[in-house]
Amino acid sequence: MDAAAVTASPAGSAEPLSRLAGADMARVDLLITARLESPVPVIPALAQHLIAAGGKRLRPLLTVAAARLAGARDNECLKLAAAVEFVHTATLLHDDVVDGSKLRRGKVAAHLIWGGSSSVLVGDFLFARAFELMVEAGSMRALHILAKASSIIAEGEVLQLTRAHDLNLDQQTYLDIIGAKTAELFAAAAEAGAVSAGAPEREITALRQFGFNLGIAFQLVDDALDYGGVTETLGKNAGDDFREGKATLPLLLAIARTGARETAFWERTMTQLNQTDADFRRAREMIIGTGALQATGDLSRHYADEAKTALGLFADNDWRRALEDLADFAVTRVT
Ligand code: IPE
Ligand code: IPE
Ligand code: MG
Ligand code: MG
């Protein structure tokens, strides 16, 4: 890559958006904490364990930013933003049980403390609370968008469960899976924000497209970071996908590029799940050495650029620039 290409690929940051949306997000956080309350003590305890650990809050930021970019002056988007983070948090609780992950947001995964059953049931509680908030927000259309996204996320997780151990998985099916399990919520978060602001249809469509493309870029990098990232900064264990035998794009590309020479290695480690830490290091070397990691990053850049293009119809202002910065951040993030 030459210097010009590096300059043409900005680093990005979520900071400008977090700063612009600071006051709104403080109110969203208050709503989140208030709505965790329940007379059943394990519910707030388990949910707080995950929510107090932080997280980037990208999806509610998207809802707020979409509403403000579309000109919202009232606070109708805030309940929707809190609902979106509740949906995300619910999926994380469920996902860590399904994936057998031990670390989330730098803390021991909730299911290892309270058990898988409690984690799943508190996830259900958070989903239900999310829908209460959506109803209170009072927009039938936003409710419809987020309800549909919730069922698509579940479909994506189930599709992944049934297909992701297939080492011949084609790239389109992989993209369908990450589109459903991740990008759909990014899309719905932005779309619902725009709807709550009463934005014209073409702006609603543009913000949905921004969210969807951002979500794909985001998950591609997430899958790259499972090999190229560091547990300490990620707050979740690098190598989880490999240990699980999950066929993500970096792996699929490396399998294709190493060809017949490594078939036995991939079969043993990924299909039979007969693997050691040294096998993970070897897989990582091949993923880097074949350029599979770089290619995944390049594809993420493509989707981030598509996301930015979708914002073309908005006037050049602070909110638009902050969203563009967020798209670049999705590609370059290490956290
Ligand atoms: C984690 O999402 C789940 C994926 C879709 C990869 P985030 O990386 O946004 O999680 P938090 O909320 O910041 O912890
Ligand atoms: C995240 O999937 C998507 C959802 C939670 C729906 P992953 O399993 O790929 O994400 P991490 O790596 O656990 O965050
Ligand atoms: Mg997972
Ligand atoms: Mg998963």
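The structure displayed is predicted, hence computed values, not measured ones. (Residues numbered from 1 in each chain as written. Chains lettered and ligands numbered in written order. Predicted model: local features only at pLDDT ≥ 70, side-chain atom pairs only at ≥ 80, totals over all residues. Heavy atoms only, no water.)

1. So, the nonpolar core
Put simply, the test is: Here, nonpolar core refers to any group of buried Ala, Val, Leu, Ile, Met, Phe, Trp, Tyr and Cys residues whose side-chain atoms link them within 4.5 Å. Summary of the burial criterion: residues with accessible area below 20% of their type's maximum are buried, those above 50% are exposed, and those between are partly exposed, where the area comes from a 1.4 Å probe applied to protein chains only. Where helices and strands are cited, they refer to DSSP runs of H or I of at least four residues and of E of at least two residues respectively, numbered from the N terminus. By definition, residues are in contact when any of their heavy atoms lie within 4.5 Å.
Core analysis: the largest hydrophobic core is formed by 109 residues, its most contacted members being V64, L207, F210, L251, W266, L323 and L326. Per-element accounting of this core gives the leading share, 13 residues, to helix α10 (residues 171-196). If near-sequence neighbours (up to four positions away) are discounted, L326 is found in contact with S13, A14, L17, L58, L62 and L214.

2. Some thoughts on the site of ligand 2
Note the threshold: Throughout, near means a residue has at least one heavy atom within 4 Å of the molecule or strand. Accessibility throughout is a Shrake-Rupley quantity obtained with a 1.4 Å probe, and a residue counts as covered only by protein chains that appear here. Space inside and on the surface of the protein is sampled on a 1 Å grid over the protein atoms alone, with a cavity defined as a set of points where a 1.4 Å probe fits but cannot get out and a pocket as an open set with protein on both sides within 12 Å along at least 5 of 7 lines; lining residues have an atom within 4 Å of a point. Each molecule is assigned to a cavity or pocket provided more than half of its atoms lie within 2 Å of the corresponding grid points. By the convention adopted, Pro, Cys, Tyr, Trp, Phe, Met, Ile, Leu, Val and Ala count as nonpolar, Lys, Arg, Asp and Glu as charged, and the other residues, Gly among them, as polar.
Around ligand 2, the neighbouring residues are T91, D95, D99, R104, I153, E157, K181, T182, Q219, D222, K236 and K246. For ligand 2, whose accessible area on its own is 390 Å², the fraction buried by protein is 90%. When atom positions are compared with the pocket grids, ligand 2 is found to occupy the largest pocket. Secondary-structure elements contributing two or more residues to the shell around ligand 2 are α6 (76-99), α9 (140-163), α10 and α11 (201-228). In terms of residues, the shell around ligand 2 owes the most to one element, α6, which gives three residues. Residues of the shell around ligand 2, tallied by class, amount to one nonpolar, three polar and eight charged.

3. Let's talk about the coordination of the magnesium ion (ligand 4)
Condition: Here a donor is any nitrogen, oxygen or sulfur atom (N, O, S) within 2.8 Å of the metal, with 3.2 Å used for Na, K and Ca; water is not among the atoms considered, so some sites may look incomplete.
At 2.2 Å from the magnesium ion (ligand 4) lie its protein donor atoms, namely D95 (OD) and D99 (OD). The two metals, the magnesium ion (ligand 4) and the magnesium ion (ligand 3), are separated by 3.1 Å and share D95 as a common coordinating residue. Of this pair, D95 and D99 both sit in helix α6, four residues apart, which is roughly one turn of that helix. Residue class for D95 comes out buried when judged on its relative accessible area of 14%. Looking at D99, the relative accessible area reads 14%, which means it is buried.

4. Section: the side chain of R333
Note the threshold: The term polar contact refers here to a pair of N or O atoms within 3.5 Å; inside protein, the definition further demands a hydrogen-donor-capable atom paired with an acceptor-capable atom, and it admits residues adjacent in sequence only when both atoms are side-chain atoms.
Mapping R333 onto the fold places it in the segment after α18 (318-332). A polar contact of 2.9 Å, which involves the side chain of R333, links it to the side chain of D222.

5. Details of the site of ligand 1
Around ligand 1, the neighbouring residues are G55, K56, R59, H88, L92, R104, R105, T182, F218, Q219, D222 and K236. Within the contact set of ligand 1, an oxygen atom lies 2.7 Å away from a side-chain nitrogen or oxygen of R105. Burial of ligand 1 by the surrounding chains reaches 89%, relative to a free accessible area of 400 Å². When each cavity is represented as a set of grid points, ligand 1 is found to reside in the largest pocket.

6. Things to note about the pattern of salt bridges
Counted only if it meets this: Salt bridges are counted wherever a side-chain nitrogen of Lys or Arg sits within 4 Å of a carboxyl oxygen of Asp or Glu.
Counted according to the given criterion, the structure contains 28 salt bridges. We note a salt bridge from R68 to D24, for which the minimum N-O separation is 2.9 Å. Placement of R68 in helix α5 (residues 58-69) and of D24 in helix α3 (residues 22-34) is noted, with a sequence separation of 44 residues between them. Here the two residues R68 and D24 agree in accessibility, since each one is buried. Members of the salt-bridge network, linked through shared partners, are D29, R57, E85 and R105.

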